[in-house]
Amino acid sequence: MIRLEFDGSEIDLKTTKIIALARNYKAHAEEMGSSVPEEPKIFLKPPSAMIGNNGVVILPKMSERVDYEVELAVIIKDSCHNISPQEVPENILGYTIIVDITARDIQAQAMKAGMSWAVAKGFDTFAPIGPKIIPANKIDASNLDIWLKVNGAYKQRSNTRNMIFSVEELISFISKIMTLEPMDIIATGTPEGVGPMNDGDIIEAGIEGIGILKFRAEKES
Ligand code: MG
């Protein structure tokens, strides 16, 4: 189980699901050759994929290309279902950083075959998260610089104001489909600049006001 600092103490992330957004930044949709969606496009990542700060992401033998995707993560506070965008803020515990690790070649095969992204997005260690949860009332999630470096060099650099759907819109939409439980995580989509990781790479993912999440990539032996 992942433990993260929250408001001066540590809490267990007893997450029942990670709901992630595909294409929630226009420039990323464009770099993937995809259209900008009319409504949020979601998929699930298994909570078993989570690792904490300073962990190791294993690049599986099954994939030739594993990518990083830095994202703002929303942590849900209370069980909620079918809530309006206006009701969303009171249901947010706080914010942290998640990297939605993706086996890009496996994802491409799945898309071609009309299959889900469960394999491409679901390997163990494919969801580094942390370093801590910032209480919802301490930051403005709609205007935060977001970036990712590989071996010290910037690869992704944007701001959450460039999201297509806001945190409020996303969570309201998702809550109309599935009940959100305490500690569930919404990964709000990645900006442009996604790319592959190689054995030994050091990745740092940062969001203004939250901190830096760091991990190392290691090829499966
Ligand atoms: Mg993503």
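Above this text you will find the structure in question.
The model shown is predicted, which means the values in this text are computed figures rather than measured ones.

**Overview of the environment of arginine 65**
Okay, so step 1: As for its placement among the helices and strands, arginine 65 is situated in the loop between β6 (55-59) and β7 (66-68).
Okay, so step 2: Residues arginine 65 and phenylalanine 215, 150 residues apart in the sequence, show an inter-C-alpha distance of 17 Å.
Okay, so step 3: Each residue touching arginine 65, except ones within four places of it in the same chain, is listed here: Thr102, Ala103, Arg104, Asp105, Val194, Gly195 and Pro196.

**Here's the deal with the layout of surface pockets**
Over the atoms a probe the size of a water molecule is rolled, and this reveals where empty space is left.
Okay, so step 1: Counted as a void, the largest pocket has a volume near 360 Å³.
Okay, so step 2: For the largest pocket, the lining is made up of 22 residues, of which Ala22, Arg23, Gln107, Met111 and Trp117 are closest to its centre.
Okay, so step 3: Put simply, the parts of the chain that give the lining of the largest pocket at least two residues each are β3 (18-22), β4 (41-45) and α2 (104-113).
Okay, so step 4: In terms of residue count, α2 provides more of the lining of the largest pocket than any other element does, four residues in total.

**Re the sheet that holds β7**
Okay, so step 1: Strand order in the open sheet formed by three strands is β10-β7-β15, with antiparallel pairing between adjacent strands. Looking at which strands have only one partner, the edges of the open sheet turn out to be β10 (102-103) and β15 (195-196).
Okay, so step 2: Relative to β10, β7 runs antiparallel, the two sharing two bridges. Across the sheet, residue valine 66 finds its bridge partner in β10, namely alanine 103.

**Re the pattern of salt bridges**
Pairing between side chains of opposite charge can happen when the charged atoms of each approach one another.
Okay, so step 1: Scanning the entire structure with this criterion turns up twelve salt bridges.
Okay, so step 2: In this structure, the salt-bridge partner of arginine 3 is glutamate 10, at a minimum N-O distance of 2.9 Å.
Okay, so step 3: Take arginine 3: its relative accessible area is 44%, and that puts it in the partly exposed class.
Okay, so step 4: What makes glutamate 10 partly exposed here is its relative accessible area of 48%.
Okay, so step 5: Across the salt bridge formed by aspartate 67 and arginine 104, the nearest N and O atoms sit 2.8 Å from each other. With aspartate 67 in strand β7 and arginine 104 in helix α2, the pair connects residues that are 37 residues apart, well separated along the chain.
Okay, so step 6: When its relative accessible area of 0% is taken as the criterion, aspartate 67 is described as buried.
Okay, so step 7: The exposure class of arginine 104 is buried, given its relative accessible area of 11%.
Okay, so step 8: Taken together, the shared-partner salt bridges connect Lys45, Arg65, Asp67, Glu69, Asp100, Arg104 and Lys121 into one network.

**Some thoughts on the sheet that holds strand β12 (residues 145-150)**
Okay, so step 1: The strand order across the open sheet built from five strands is β6-β17-β16-β12-β13, with neighbouring strands paired in mixed fashion. On the outer flanks of this sheet lie β6 and β13 (153-159), each paired with one strand and no other. Strand-to-strand twist in this sheet, taken as the mean axis angle between neighbours without regard to direction, amounts to 20 degrees.
Okay, so step 2: Relative to strand β17 (residues 211-219), β6 runs parallel, the two sharing five bridges. The residue bridging isoleucine 58 from the neighbouring strand is glutamate 218, located in β17.

**Quick look at the nonpolar core**
Okay, so step 1: Core analysis: the biggest nonpolar cluster contains 70 residues, and Leu13, Leu72, Tyr95, Ile171, Ile185, Ile186 and Met197 have the highest contact counts within it.
Okay, so step 2: Not counting residues within four places of it along the chain, the set of residues in contact with tyrosine 95 comprises Leu72, Ala73, Val74, Lys132, Ile133, Ile134, Ala136, Ile139, Ala141, Val167 and Ile210.

**Here's the deal with α2**
Okay, so step 1: Buried residues of α2: Arg104, Asp105, Ile106, Gln107 and Ala110, and no others.
Okay, so step 2: Taken together, the buried residues of α2 touch β7, β10 and α3 (118-122).
Okay, so step 3: Positive backbone phi, approximately 70 degrees, marks glycine 114, located one or two places after α2.

About the criteria used
Residues numbered from 1 in each chain as written. Predicted model: local features only at pLDDT ≥ 70, side-chain atom pairs only at ≥ 80, totals over all residues. Heavy atoms only, no water. Helix = DSSP H or I, 4+ residues; strand = E, 2+ residues; numbered from the N terminus. Contact = heavy atoms within 4.5 Å. 1 Å grid on protein atoms, 1.4 Å probe; cavity = no way out; pocket = protein on both sides within 12 Å on 5 of 7 lines; lining within 4 Å. Points joined across faces, edges and corners; volume = space filled by probe spheres on them. Pairing = 2+ DSSP bridges. Salt bridge = Lys/Arg side-chain N within 4 Å of Asp/Glu carboxyl O. Buried < 20%, exposed > 50% of the residue type's maximum accessible area, 1.4 Å probe, protein only. Axes fitted to C-alpha atoms, helices over the stretch in contact; angles between N-to-C directions. Core = buried A, V, L, I, M, F, W, Y, C linked by side-chain atoms within 4.5 Å.

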